[in-house]
Structure formats: structure tokens, C-alpha cells
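Structural features, examined
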Amino acid sequence: MFDRGLVQELIDFHKKFNPGDVEYTKGIFQSIGFRNFSSYLRLDDEKRSGPEGLKMFNEGRKTFSIDTKRYVKSQNKWVRNRFLSCITREVPPVYKLDTSDVEHWTEQVLEPAMEVVMSLIGGGREAGAVRLQPMAVEAATSVASSKESVTEVLKQKHEVRHCDVCDRIFIGELQLNDHLKSAKHQKAEKRRKLLELEQQQQSTDT
């Protein structure tokens, strides 16, 4: 990504769409890449090529790598939980592609992906030409302990849960727990507690 001009693309985008030096905490500017190189992007062209710019660039590249790995891990977890751990409802097939070798991108990624897409467009009529097979859905019994029935595992995964603080609905205990750990929920919880304290104080005063 860096060899193909990622940093220059960020610089050009910054100059065109962030001339007022907007904080990198909202919209596209909080995405991976922009937020990692925010300090570097704020430098002028001369400083970017100096020692200060090199230091900020290396720091940005380090955090960029860490954030990217975390995002990939999060995506893989979401796919597994959403599509590969469900046997109680119909889910679309998931195919695994090897994207590690750029030199063989066409035969290892593009062509197999196009075969799958054309098969789906054709209603499965071209399935015989598809070299990939869908990834297997994990059996619910593999996550059930000796004291836990399969029915209970499925119930935990797919029953509707509600967050009273944020007034949001989630499917399964996993989604709800992830939400409860999020910064957005914790801020909402803090606001709710402050509001309750204010109401109690007003009640006491009256």
C-alpha cells in the first residue's frame, strides 16, 4: 500500500478536503490511515521531508499496521459469528480467497471470485465451473460444554437482546456484550447516571 502511493493519496486528500485543519475524529477523517498520519499530514511539504516529518511518518506507519491487524481480526470474528456459526437460519455461503500473493492475484483471487459471482447471477446454473467450495458452517455442538445443551447455545446466540440505556436491539449475547463494552454505550450510561443524580437532587431539594 505504501509502495503504491498511499501516503501521497492521503496528502492530496488532506489538502483538498481538509484545508481548515479539521480534527481527525469525525467522518472519513477518523478512518484507518487518516487518523494514523494526522500529525504528519498537518506538516507543510518542507517539514514532511525533514527529521520531524520522518519521525511522525514512522509513528503513523506503526499505528497504521496495528489498527489494520485489529480491524482484520474484528472482521474475521464478525464473519464467523454471523455466517459460520449459525445453523438456525439461512445464511449466504462464504468463500475463502488467498490474497497473500500479489503476483498471482488474477488466478488466485480475481478469477475464482468472478466464477462465484457469475454462478450466483446465473442462479447456480454455472456451479460446475466454480473451483471454490463454500466454507463449512460450524456445528453448534462444537461450542457447547458438557453442562450446556445445544438448544441453550443457540438461544444465547440468536435470541433478541435489548439495551435499555441506548434503546437498541441486538441479536445474541455476543453482539450485546460487544455493545456494552463500546465507548458509545459507556458514555450513554454515564449520561444516564448523571441525569438520575440530578433528578434525585432536585427531588431532595423540593
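Let me begin by describing the structure that accompanies this report. None of the values given here were measured: they were computed from a predicted structure.

What follows concerns the environment of F34. With respect to the helices, strands and loops of the structure, F34 is situated in the loop between α1 (6-17) and α2 (38-41). A relative accessible area of 6% means that F34 is categorised as buried. Residues F34 and L10, spaced 24 residues apart in sequence, show a C-alpha to C-alpha distance of 6.8 Å.

In this section: a positive patch on the surface. A cluster of like positive charges, contributed by K73, K77, R80 and K181, occupies part of the molecular surface. Residue placement: K77 occurs in helix α4 (residues 51-84). According to the relative accessible area criterion, K77 is partly exposed, its value standing at 36%.

In this section: the packing of aromatic side chains. Overall, the coordinates contain 6 aromatic pairs when judged by the stated rule. Ring geometry for F37 and Y40: centres 6.4 Å apart, planes at 70 degrees, overall edge-to-face. Residue F37 is classed as buried on the basis of its relative accessible area of 1%. Accessibility expressed as a relative area gives 10% for Y40, which makes it buried. Note on F37 and F57: the rings are 5.7 Å apart at their centroids and 40 degrees apart in plane angle, and the pair reads as tilted.

Turning next to the pattern of salt bridges. A complete count under the given rule lists 4 salt bridges for this structure. We note a salt bridge from E189 to R192, for which the minimum N-O separation is 2.5 Å. With E189 and R192 both in helix α8 (residues 183-205), this residue pair falls 3 residues apart, about one helical turn. One salt bridge in this structure joins E196 and R192, with 2.6 Å as the shortest N-O distance. One end of the pair, E196, and the other, R192, are both in helix α8, 4 residues apart, so they sit about a helical turn from each other. Residue E196 is classed as partly exposed on the basis of its relative accessible area of 34%. Salt bridges here are not isolated pairs; linked through shared partners, they connect E189, R192 and E196.

To continue, consider the nonpolar core. By size, the foremost hydrophobic cluster in this structure holds 12 residues: F2, L6, V7, L10, I11, F29, F34, F37, Y40, L41, F57 and F64. Where this core is concerned, the elements lending two or more residues are α1, α2 and α4. The element contributing the most residues to this core is α1, with 4 residues.

This brings us to unusual backbone geometry. Even without being glycine, D167 reaches a positive phi, approximately 55 degrees. By the secondary structure assignment, D167 is in the loop between β1 (160-163) and β2 (168-171). Taking relative accessible area as the criterion, D167 reaches 59% and is therefore assigned exposed.

Now for α1. Taking 1.5 Å per residue as the helical rise, α1 with its 12 residues ought to reach 16 Å, and the 16 Å between its terminal C-alpha atoms agrees with that figure. Every buried residue of α1 is accounted for by L6, V7, L10, I11 and H14. What you see down the axis of α1 is that its buried residues fit within an arc of 140 degrees, all on one side. Opposite the packed face of α1, turned more than 90 degrees from it, sit the exposed residues E9 and K16.

The rules behind each value
- Residues numbered from 1 in each chain as written.
- Predicted model: local features only at pLDDT ≥ 70, side-chain atom pairs only at ≥ 80, totals over all residues.
- Heavy atoms only, no water.
- Helix = DSSP H or I, 4+ residues; strand = E, 2+ residues; numbered from the N terminus.
- Buried < 20%, exposed > 50% of the residue type's maximum accessible area, 1.4 Å probe, protein only.
- Patch = residues over 30% accessible without salt bridge, like charges linked within 9 Å, V, L, I, M, F, W, Y side chains within 5 Å.
- Areas by Shrake-Rupley, 256 points an atom, 1.4 Å probe, with all protein chains shown as cover.
- Salt bridge = Lys/Arg side-chain N within 4 Å of Asp/Glu carboxyl O.
- Lys, Arg positive; Asp, Glu negative; His and termini not counted.
- Charge placed at Lys NZ, Arg CZ, Asp CG, Glu CD.
- Phe/Tyr/Trp six-rings, centres within 6.5 Å; stacked < 30°, edge-to-face > 60°.
- Core = buried A, V, L, I, M, F, W, Y, C linked by side-chain atoms within 4.5 Å.
- Expected span 1.5 Å × (residues − 1).
- Arc of directions from axis to C-beta.

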